[in-house]
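Close look at the chain arrangement
Chain residues, written in single-letter form:
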Amino acid sequence: MFWEKVIGQKDVKQRLLQLVEEHRLPHALMLCGPAGSGKLALALAFGCHLLGDSPMVRKLEHPDLHFTYPTIKLPSMGSDHKPVSLDFATEWHELIMRTPYFTMDDWMQAMGGENQQAIITAGESDELVHQLSLKSSQGGYKISIIWLPERMNQECANKLLKLIEEPPQQTVFLMVCQEPGKLLETIRSRVQRIDVKKIDDNSIKQALMEQRGLDETHAAGIARRANGSWLKAMEELETGNEREQFLDLFKVLMRLSYQRKINELKKWSETMASMGREKQKRFIEYFLQLVRENFMYNFHQEELCYMTREEEEFAKNFARFINEGNIIPMYELGNRALRDIGQNANGKIVFFDFALQTIMLLLQK
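Summarised in this report is the structure supplied together with it. (Residues numbered from 1 in each chain as written. Predicted model: local features only at pLDDT ≥ 70, side-chain atom pairs only at ≥ 80, totals over all residues. Heavy atoms only, no water.)

Focus on the nonpolar core
Just so we agree on the cut-off: Residues grouped as a nonpolar core are buried Ala, Val, Leu, Ile, Met, Phe, Trp, Tyr and Cys residues, joined through side-chain atoms within 4.5 Å. Note on classification: 1.4 Å probe, protein chains only; a residue is buried when its accessible area is under 20% of the maximum for its type, exposed when over 50%, partly exposed between these limits. Each helix is a run of H or I in the DSSP string that is no shorter than four residues. Each strand is a run of E no shorter than two, and both are numbered from the N terminus.
Membership of the largest hydrophobic core comes to 61 residues, with the highest contact counts inside it found for Trp92, Trp107, Ile145, Trp147, Leu208 and Trp230. When residues of this core are assigned to their parent elements, the largest contribution, 10 residues, is made by helix H2 (residues 39–51). Counting 42 residues, the second largest nonpolar core, distinct from the first, contains Phe246, Phe283, Ala315 and Leu338.

See below:
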């Protein structure tokens with residue numbers, strides 16, 4: 001059914017199926033791993049496997065299959081309304097039927113909002129309690145797939161904890177988590193964690209050849225640069241993709257910082273501030289990645305670098321500016337900005353300070 005949509009991850013698939021075969025299936029599983037590794041695809045395939053093959057399952061319309069995911073509050077919603085997953089059920093169904101590999105930005109666009117922080121609200125936990133309290137319509141499992149549980153607010157997390165401690169009969173929770181450290185320790189201690197590693201290069205290469213019709217050489221190059229992420233592989237195939245945009249922003253930042261053009265850097269920070277917060281965070285993550293790649297480029301060992309041709313062309317002249325003296329402060333700068341943006345700090349202030357600090361760091365040796 002949905003197993004064929006899972007790219008690689010044969011070991012995890014085997015482990016999940018073995019839990020069922022040996023009658024050791026826990027009531028709460030948490031799949032943890034990096035973006036693009038296929039955590040949601042695995043959870044979806046396993047959940048459907050537990051429900052059994054049927055037209056309703058194939059269409060993801062089975063009444064005992066429940067999805068929980070971060071949501072936003074739209075202007076059309078009342079002031080007292082707490083957004084829940086059902087508010088966006090149509091958008092979610094369309095997206096996940098298209099592909100189980102997508103980013104938070106894809107989901108934000110599907111919901112119709114880019115400048116908000118998507119969270120799982122307390123209203124969601126109340127709705128989940130209600131749904132799971134009902135008897136299974138088919139007499140089998142009730143499956144609750146929770147995408148990014150680390151985005152639950154405190155009230156929701158506490159209610160979910162109680163639900164996991166006293167689960168409704170025949171209910172299986174499948175959590176898809178990218179940052180488990182942000183979850184309550186009490187929740188982490190009550191679920192069985194399965195770590196999903198990056199996808200192996202050969203599986204990505206084969207998928208690119210079979211699904212996208214690429215020749216072996218082209219597919220192998222993209223698979224290597226994707227570094228275990230199907231999302232990154234897809235990004236590279238898209239024209240005018242986000243990675244290219246981020247590279248341009250990175251180049252402008254570094255060139256203006258080197259030339260100490262404060263006014264232009266202020267304009268750069270305003271451009272960054274105009275983006276949605278999720279995209280701002282992805283740029284900072286890209287910044288951290290490219291800083292690392294430029295540092296490794298100095299060692300002249302191809303197997304250590306994972307850059308596109310365009311990124312490597314820029315690195316030929318720029319990499320020498322990333323060295324032992326500033327690599328750690330660069331990382332600290334990026335992680336601090338990630339934290340501030342995540343806490344809804346003013347984007348203009350965060351990115352202008354980010355740019356000014358970059359001027360100083362480029363001078364360090």
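There's plenty left to go through after this.
So, the pattern of salt bridges
Going by this rule: Salt bridge criterion: a side-chain nitrogen from Lys or Arg within 4 Å of a carboxyl oxygen from Asp or Glu.
In this structure the tally under the stated criterion is 19 salt bridges. We note a salt bridge from Asp53 to Arg58, for which the minimum N-O separation is 2.6 Å. For Asp53, a relative accessible area of 57% translates into the label exposed. In this structure Arg58 comes out as partly exposed when scored by relative accessible area, which is 41%. Note that Lys316 and Glu313 form a salt bridge whose closest N and O atoms lie 2.7 Å from each other. You can see Lys316 and its partner Glu313 sitting in helix H15 (residues 309–318), 3 residues apart, about one turn around the helix. Residue classification places Glu313 among the partly exposed positions, given a relative accessible area of 48%. Taken together, the shared-partner salt bridges in this structure form one network comprising Asp105, Glu242 and Arg282.

Focus on the side chain of Glu311
Positionally, Glu311 belongs in helix H15. Given a relative accessible area of 2%, Glu311 falls into the buried group.

Notes on the packing of helix H12 (residues 242–259) against H15
Rules: Axis definition: a line fit to C-alpha positions, over the contact stretch in the case of helices; interaxial angles, taken between N-to-C directions, run 0 to 180 degrees. What sets the label is the angle itself: under 35 degrees gives roughly parallel, over 145 gives roughly antiparallel, 65 to 115 gives roughly perpendicular, and the rest give oblique. When the near helix sits turned anticlockwise from the far one by under a right angle, the crossing is termed left-handed; a clockwise turn instead gives a right-handed crossing. Contact definition: two residues touch when any of their heavy atoms are within 4.5 Å. Classification used: nonpolar for Ala, Val, Leu, Ile, Met, Phe, Trp, Tyr, Cys and Pro, charged for Asp, Glu, Lys and Arg, polar for all others including Gly.
In the contact formed by H12 and H15, the axes pass within 11 Å of each other and the chain directions differ by 15°. Comparing the axis directions of H12 and H15 gives the class roughly parallel. When you trace H12 past H15, the crossing you get is left-handed. Judged by residue contacts, Arg243, Leu247, Phe250, Lys251, Met254 and Arg255 of H12 engage Glu310, Glu311, Phe314 and Phe318 from H15. Among the residues forming the contact of H12 with H15, the class breakdown is 5 nonpolar, no polar and 5 charged.

Details of the packing of aromatic side chains
Stated formally: The pairing test for Phe, Tyr and Trp rings, Trp by its six-membered ring, is centres within 6.5 Å, and the orientation test on the planes gives stacked under 30 degrees, edge-to-face over 60, and tilted for anything in between.
Throughout the structure, instances matching the rule amount to 21 aromatic pairs. Between Trp92 and Trp147 the ring centres are 5.5 Å apart and the planes differ by 50°, which places this aromatic pair in the tilted class. Within this pair, whereas Trp92 is found in helix H4 (residues 89–98), its partner Trp147 is found in strand E3 (residues 142–147), the two being separated by 55 residues in sequence. Measuring from centroid to centroid gives 5.0 Å for Phe314 and Phe318, while their planes differ by 20°, and the two rings are stacked. Residue Phe314 and its partner Phe318 are located together in helix H15, separated by 4 residues, close to a single helical turn. For Phe314, a relative accessible area of 11% gives the class buried. Through pairs of rings, three or more aromatic residues link up here, namely Phe246, Phe250, Tyr258, Trp268, Phe283, Tyr286, Phe287, Phe314, Phe318, Phe321, Phe351 and Phe354.

What about the environment of Leu247?
Relative to the helices and strands, Leu247 is located in helix H12. Along the backbone, Leu247 and Tyr286 are 39 residues apart, and their C-alpha atoms lie at a distance of 8.4 Å.

Regarding the sheet that holds strand E1 (residues 28–32)
Keep this limit in mind: Strand pairing follows a simple DSSP-based rule, namely that at least 2 bridges must link the two strands.
The strand order across the open sheet formed by 5 strands is E2-E3-E4-E1-E5, and the pairing between neighbours is parallel. Of all the strands in the sheet, the pair left with one neighbour each is strand E2 (65–68) and strand E5 (192–195). Recorded for the sheet is a direction-independent mean angle of 20° between the axes of neighbouring strands. Direction of pairing for E1 relative to strand E4 (residues 171–177): parallel, over a ladder of 5 bridges. Pairing of Leu31 across the sheet is with Val176, part of E4. This element, H2, spans E1, E2, E3 and E4 of the sheet and lies at about 170° to E4. The strands that helix H6 (residues 122–133) touches are E2, E3 and E4; relative to E2, the one it contacts most, it runs at about 175°.

Some details on the side chain of Ser257
Note the threshold: Think of a polar contact as two N or O atoms within 3.5 Å of one another; within protein, one of them needs to be a possible hydrogen donor and the other a possible acceptor, and neighboring residues in sequence only count if both atoms come from side chains.
Relative to the helices and strands, Ser257 resides in helix H12. At a separation of 2.6 Å, a polar atom in the side chain of Ser257 contacts the main-chain carbonyl oxygen of Leu253. Each residue touching Ser257, except ones within four places of it in the same chain, is listed here: Leu265, Ala355, Thr358, Ile359 and Leu362.

Considerations on the pairing of E4
Burial analysis of E4 places 7 of its 7 residues in the buried class, the great majority of the element. Residues Thr171, Phe173, Met175 and Cys177 line one face of E4 and the alternating positions Val172, Leu174 and Val176 line the opposite face, and both faces are buried. Relative to E4, E3 runs parallel, the two sharing 6 bridges. Looking at the pairing, Ile146 lines up with Met175 of E4.

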